[in-house]
Amino acid sequence: MFHWPASSLAGFFIVFPANQTLPLLVKSCLMSSNGLSSAAVTLPIYLDNHATTPLDSRVLEAMLPFFTSRFGNAASNSHSFGWEAAAAVEKARRQIAASIGALPQEIVFTSGATESDNLALKGVAEGCREKGDHIITAVTEHKAVLDSCKHLEKIGCRVTYLPVGSDGLIDLDQLKDAFTDRTILVSIMAANNETGVLQPIEEIGRLCRERGVLFHSDAVQALGKVPLDVNRANLDLASLTAHKLYGPKGCGALYVRQNAAARLVPLIDGGGHENGLRSGTLNVPGIVGFGRTCEIAHAEMPEESCRIAGLRNRLRDRLVSGLDQVTINGSMEHRLPGNLNMSFLDVDGETLLTGLNDVALSSGSACSSGKTHASYVLKELGLSDEAAGSAIRFGIGRFNTEAEIDYVSGRIIELVKSLREVSSLK
Ligand SMILES: Cc1ncc(COP(=O)(O)O)c(C=O)c1O
């Protein structure tokens, strides 16, 4: 959870525009107490783009009419309101499909990737019960996959959890060894949400296809950030969501290859929407936004990913040259352009984030039941509790600037040095 402590407001002008309920923090021309000028940036700075992304104004523009005059239910086939909504949904389906090399009819809309992951795993487990009961996944998958696997184990499935190396990658030989004649599904994510590590999905897809095993990938973090083609990767199922790609929250999709649909049992029964795979009235404004966001990302990805990787490398170089005892977690080579995950040894990540109250970031810890735990993903890469606890995840996105990167790197270098000084005095 990210909080803005009251002290973070010191030195900023707070304005309450007439049409907004929340105050806006606007550029301060003052030097902050640490001597870093924030004149070129607007605070707070958002660098947590793996958690969610701001809505692109072009996406909002596409969505707005579907909240007001074009409010029809896409399933109403007896009047123009319904036809208009249905046409907008079909356009979005084409836009999303085109961005991943799929057919429009292979896109099944859901409420987000958590639902898509659940549908893929539980739907295949039930749909392929006659064929087998064994699933292969990896220890660093998102909880939506891991917890679905736990559920399936409780009802009699067998799950193999592949380990990863210190680079965060699975070993393809271990995958080959894990297949049995009862294997029905392999679920391996395209890009990790903490380390940004890209798994070799094309090789994994080839191994699955050779064995006639379905291949699912949680492709949430990869969509629109790195090339993703369902045919090149031999994907049968892929989980997607709009809000990691400058689109709205609460709108996702499951890509289902045409000939895999028969092997998938729906989780939700009802009106038979989405070819019976996901009943429920469609979220038309969300779907329209999802389509537009995929269209934009597909057109702009080559230029945008280069620019973002440049910002990420600038941040990395500044931190590495400004501080000692920093380590990069996960492969630098096989990584999302906007991701950097670094441990600042001898510094507690949560304390670092509290001090960095004008920058939105995530630490390598997760809070559950009131207790803070080191990230399971980083621990699976072989990090100690201490190294995982000192990790920070940087998620750089479309709206970040060079000035922001310079401001953040300066703040971190200064803060890490002072926290280390304090701890050495204890
Ligand atoms: C890799 C990955 N999978 C699944 C999800 C869940 O997505 P959603 O928020 O759309 O349910 C997330 C988001 O946290 C994610 O990063």
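Residues numbered from 1 in each chain as written. Predicted model: local features only at pLDDT ≥ 70, side-chain atom pairs only at ≥ 80, totals over all residues.

Draft legend 1. Structural detail: the pairing of strand β8 (residues 214-218). Most of β8 is tucked away, with five of its five residues classed as buried. Because side chains alternate across β8, one face comprises the buried residues Leu214, His216 and Asp218, and the other comprises Phe215 and Ser217, equally buried. Where strand β7 (residues 183-187) lies against β8, three bridges are found, and the strand directions are parallel. Its bridge partner lying in β8, Leu185 is registered against Leu214. In terms of handedness, the path from β7 via helix α6 (residues 201-211) over to β8 forms a crossover that is right-handed. The pairing of β8 with strand β9 (residues 237-241) spans three bridges and is classified as parallel. Within the sheet, the bridge partner assigned to His216 lies in β9 and is Leu237. (Buried ≥ 20, exposed ≤ 12 C-beta atoms within 10 Å, placed from the backbone. Helix = DSSP H or I, 4+ residues; strand = E, 2+ residues; numbered from the N terminus. Pairing = 2+ DSSP bridges. Right-handed = clockwise from strand over helix to strand, strands pointing away.)

Draft legend 2. Summary view of the environment of Asn329. Secondary-structure assignment places Asn329 in the loop between β11 (326-328) and β12 (339-344). Here Asn329 falls in the buried class, since 28 other C-beta atoms lie within 10 Å of it. Not counting the four nearest positions on each side in its chain, Asn329 is found in contact with Thr195, Asn341, Met342, Ser343, Leu378, Leu381, Leu383 and Ala391. (Contact = placed C-beta atoms within 7 Å.)

Draft legend 3. The arrangement of the pairing of strand β4 (residues 107-110) in detail. Covered by surrounding structure in β4 are Ile107 and Phe109 together with Val108 and Thr110, the residues of both alternating faces. When β4 meets strand β10 (residues 252-256), the two strands line up antiparallel, connected through four bridges. Looking across to β10, one finds that Thr110 is bridged to Gly252.

Draft legend 4. Expanded view of the nonpolar core. Ranked by size, the top nonpolar core spans 114 residues in total, and within it Val124, Ile135, Leu214, Leu237, Tyr255, Val284 and Ile287 carry the most contacts. Top element by residues in this core is helix α7 (residues 284-322). It accounts for eleven residues. If near-sequence neighbours (up to four positions away) are discounted, Leu214 is found in contact with Val124, Ile184, Leu185, Cys208, Asp236, Leu237, Ala260 and Arg263. (Core = buried A, V, L, I, M, F, W, Y, C linked by C-beta atoms within 7 Å.)

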